[in-house]
Amino acid sequence: HIQTSMLVQRTTTKTPIATPLKTNIKSTKKNESFRTILKRRTRSARISSSSATNKSVKVEMTTSGGGDAPSRATIFWDLDDCLYKNDWTVANLLTERIEEFTVGKLGLKPGYAYDLYKKYGTCLKGMMVEKILDEKSVDEYLLWAHDVPLEKHIGRDEKLRDVLLKVKAEGFPMYIFTASARHHAEKCLELLGISDMFIDIIDVRAVEWATKHDEEAYERAMAIAGVKERERCVFIDDSTSNIKIAKKMGWHTILCGTKGRDCGSVLVCAEANHIIETAHEFSAEKHVPPFALAAEQPSK
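The following paragraphs examine the structure supplied in this document. (Residues numbered from 1 in each chain as written. Predicted model: local features only at pLDDT ≥ 70, side-chain atom pairs only at ≥ 80, totals over all residues. Heavy atoms only, no water.)

A word on the overall build of the protein
Across its full length, the protein carries eleven helices and six strands. Buried residues in the protein amount to 49% of all 300 residues. When contacts within the protein are restricted to residue pairs at least 6 apart in sequence, long-range pairs at least 24 apart make up 69% of them. Accessible surface, the protein: about 15200 Å² in total, of which carbon and sulfur atoms supply 51%. (Helix = DSSP H or I, 4+ residues; strand = E, 2+ residues; numbered from the N terminus. Buried < 20%, exposed > 50% of the residue type's maximum accessible area, 1.4 Å probe, protein only. Contact = heavy atoms within 4.5 Å. Areas by Shrake-Rupley, 256 points an atom, 1.4 Å probe, with all protein chains shown as cover.)

Written out as structure tokens, the structure is:
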């Protein structure tokens, strides 16, 4: 511990500074038609996604050109049912909205959307692979699926903010790495009161529709964050399936949550380096690999 402390004190490597994320989706009036809301939100989502894509390309160009990537551990947080937990209330609302869209608008059989989610990592990925939904309809789907009353189920979490503030003060870059849409993540972070804790949101569009069941999602997340060394990626997620892929990629893994959504039984995951009940239990000292606590290269 003394040696680790000395390393931390000596380091001069600069890490990215998180700046507050801005929400693109404004509150809507009750008497607006869905068509009007959809047109406005779709335009907003495209602008946001375009900005995120440009940022990803810029970072990738910098790292591939030999620029300085952060050598201190970079922390990738899942969002839903990880940074906040409410017995999958929001997750169930999202599932209902997806079911409404796939059955009511696309004519799929009831329950098939959830089958796609289990098989491909997200329903969206499954529909794109199976040619059920084309890319032109993605914006409509994402806006429909995430149109749920988050403010009724997610509130400010001062304890979580204190945890993240400490991690941020210790110099660890943090990103949201989510399978959901950017505007949904922005709203959740705003409600939790932690928007300013993260450098950016890596959403489903930023990784070009890959899911966390796919290795390319993790590779693209590393490119966006400017991280070159897999062992310096710390991944916190509530899904054992995602944890297994991240571990296969060489990431340091932390399972957040001990009860399964579908089975309700205690989760067992050998691929998790650590298991915590909630995000409030996380600390860099306990859960970041010792060599990644300091911004120096690991010994060879």
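As for the sheet that holds strand E3 (residues 200-202)
For sheets, the rule is that strands pair by backbone hydrogen bonds, running either parallel or antiparallel. Strand order in the open sheet formed by six strands is E3-E2-E1-E4-E5-E6, with parallel pairing between adjacent strands. Edge positions in the sheet fall to E3 and strand E6 (274-276), since each has one partner strand and no second. This sheet shows a mean twist of 25° between the axes of neighbouring strands, independent of strand direction. The sheet contact formed by strand E1 (residues 74-77) and strand E4 (residues 233-237) spans four bridges and is parallel. The residue bridging Ile 75 from the neighbouring strand is Val 234, located in E4. Along the sheet face, helix H8 (residues 182-192) touches strand E2 (174-177) and E3 and points at about 135° away from the line of E3. Sheet strands in contact with helix H10 (residues 240-248) are E4 and strand E5 (252-256), and its direction is about 175° off that of E5. (Pairing = 2+ DSSP bridges. Axes fitted to C-alpha atoms, helices over the stretch in contact; angles between N-to-C directions.)

Quick look at helix H3 (residues 89-105)
Between the first and last C-alpha of H3 there are 24 Å, a value that for 17 residues agrees with the 24 Å anticipated at 1.5 Å per step. For H3, the secondary structure elements touched by its buried residues are helix H4 (112-120), helix H5 (123-129), helix H6 (138-145) and H8. At the C-terminal side of H3, Gly 107 shows a positive phi close to 75°. (Expected span 1.5 Å × (residues − 1).)

A few points about the packing of aromatic side chains
Scanning the entire structure with this criterion turns up 13 aromatic pairs. Ring centres of Tyr 218 and Phe 235 lie 5.6 Å apart, and the angle between their planes is 80°; on these two criteria the pair is classed as edge-to-face. Residue Tyr 218 is found in helix H9 (residues 215-225), and its partner Phe 235 is found in strand E4; the two are separated by 17 residues along the sequence. Residue classification places Tyr 218 among the buried positions, given a relative accessible area of 0%. Classification of Phe 235 by relative accessible area gives buried; the value is 0%. Through pairs of rings, three or more aromatic residues link up here, namely Phe 76, Tyr 175, Phe 177, Tyr 218, Phe 235 and Trp 251. The cationic tip of Arg 72 hangs over the ring face of Phe 172; the distance from NZ or CZ to the ring centre is 4.4 Å. Over the ring of Phe 177 we find Lys 212, and its NZ or CZ is 5.1 Å from the ring centre. (Phe/Tyr/Trp six-rings, centres within 6.5 Å; stacked < 30°, edge-to-face > 60°. Lys NZ or Arg CZ within 6 Å of the ring centre and 35° of its normal.)

A few points about the pattern of salt bridges
Counted under the stated rule, the structure contains 15 salt bridges. With a shortest N-O distance of 2.9 Å, Arg 161 and Asp 196 are connected by a salt bridge. Here Arg 161 is found in helix H7 (residues 158-169), whereas its partner Asp 196 is found in the loop between H8 and E3, with 35 residues between them in sequence. Its relative accessible area of 16% is what places Arg 161 among the buried residues. Across the salt bridge formed by Glu 219 and Arg 230, the nearest N and O atoms sit 3.8 Å from each other. Taken together, the residues span a long stretch of sequence, with Glu 219 in helix H9 and Arg 230 in the loop between H9 and E4 at a distance of eleven residues. (Salt bridge = Lys/Arg side-chain N within 4 Å of Asp/Glu carboxyl O.)

Honestly, that's just the spatial picture; any functional story needs more than this.
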